[in-house]
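Summary of the model geometry
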Amino acid sequence: MEPATSPVTELAVRLKEVSIKNTAEAIYNKINLVKQIQNDKQTINVLEEIINDLTTDKNELIQITKCYEQEFLSQDISDEDIEYITKELLPIITTFLPFSGGDSEFVSTIQKILSAETFKILKLLGFNYKEAIGQPLTNLVAQAIQNQNQNQNTNKYPVNKGYSRK
């Protein structure tokens, strides 16, 4: 099984490929070769090919730039989002805590991490809250739901310990 590569890594590879493909030196060499042939029709065809390649590369670079921008925006959290999260998330976490088997130390840690100041500092440092906290919270809620379902199933079909078969 191959390790998963991040979208940013894939974009970097694409950027490198596009950057190498039509360097100024490669284009200069093509033009010099065409000049030596001295066939106007062939020269025009080669120059058109160079222009088309450069246009294709430009379009691909624009697409890569938009993908980088989208990747950045997906990880960015606005100040309004920070304020909303710090104000509203902790009560939700404490609601799910008993169902997931968590403890008060977990809540204390989350309170420190989700303070507005810590949030802003880590955001400036490039910390990815959506990945670092979003995924564990998703797991916490999933675990709470699973525990709740198991409790309901246990209560639905109680085991009669006094029953014996003869």
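Residues numbered from 1 in each chain as written. Predicted model: local features only at pLDDT ≥ 70, side-chain atom pairs only at ≥ 80, totals over all residues. Heavy atoms only, no water.

Attention shifts here to the overall build of the chain. Summing up its helical and strand segments, the chain has 7 helices and 0 strands in all. When the elements of the chain are put in sequence order from the N terminus, they spell out α-α-α-α-α-α-α. Counting only residues that meet the buried cut, the chain has 16% of its 166 residues in that class. Counting contacts in the chain only where the partners sit at least 6 residues apart, residues at least 24 apart contribute 67% of the total. Looking at the chain as shown, the accessible area adds up to about 13100 Å², and 56% of this sits on carbon and sulfur atoms. (Helix = DSSP H or I, 4+ residues; strand = E, 2+ residues; numbered from the N terminus. Buried < 20%, exposed > 50% of the residue type's maximum accessible area, 1.4 Å probe, protein only. Contact = heavy atoms within 4.5 Å. Areas by Shrake-Rupley, 256 points an atom, 1.4 Å probe, with all protein chains shown as cover.)

So, about the environment of V141. Relative to the helices and strands, V141 resides in helix α7 (residues 129-156). Residue V141 is classed as partly exposed on the basis of its relative accessible area, which comes to 28%. Once the C-alpha coordinates of V141 and I93 are considered, the two residues, 48 residues apart in sequence, prove to be 8.7 Å apart.

Right, let's get into the environment of S74. Looking at the secondary structure, you find S74 in helix α3 (residues 40-75). Using a relative accessible area of 32% as the deciding quantity, one classes S74 as partly exposed. As a C-alpha pair, S74 and K130 span 56 residues in sequence and 8.7 Å in three-dimensional space.

With 13 residues, the main nonpolar core has I93, L114, F119, Y129 and L137 as its most contacted residues. Listing elements by their share of this core, those giving two or more residues are α4 (79-100), α5 (104-113) and α7. Setting aside residues up to four positions removed in sequence, Y129 forms contacts with I77, I113, L114, T118, F119, L122 and G134. (Core = buried A, V, L, I, M, F, W, Y, C linked by side-chain atoms within 4.5 Å.)

A few words on the pattern of salt bridges. This model, assessed by the stated rule, comprises 3 salt bridges. Across the pair E60 and R14 runs a salt bridge whose closest N-O atoms are separated by 3.8 Å. Note that E60 is positioned in helix α3 and R14 in helix α1 (residues 7-21), a separation of 46 residues in sequence. Where K30 meets D53, a salt bridge forms, and the shortest distance between an N and an O atom there is 3.8 Å. You can see K30 sitting in helix α2 (residues 24-37) and its partner D53 sitting in helix α3, a full 23 residues away along the chain. (Salt bridge = Lys/Arg side-chain N within 4 Å of Asp/Glu carboxyl O.)

Here we take up the confidence of the model for the chain. Here the chain averages 78 in pLDDT, and 83% of its residues register 70 or above. Looking over the chain, one finds the lowest element-wise mean pLDDT in α5, namely 74, and the highest in α3, namely 87. (pLDDT = per-residue confidence, 0-100.)

This part covers the side chain of D57. Among the secondary structure elements, D57 is positioned in helix α3. For D57, a relative accessible area of 6% puts it in the buried group. Residues within four places of D57 in sequence aside, it is in contact with V18, K21 and N22.

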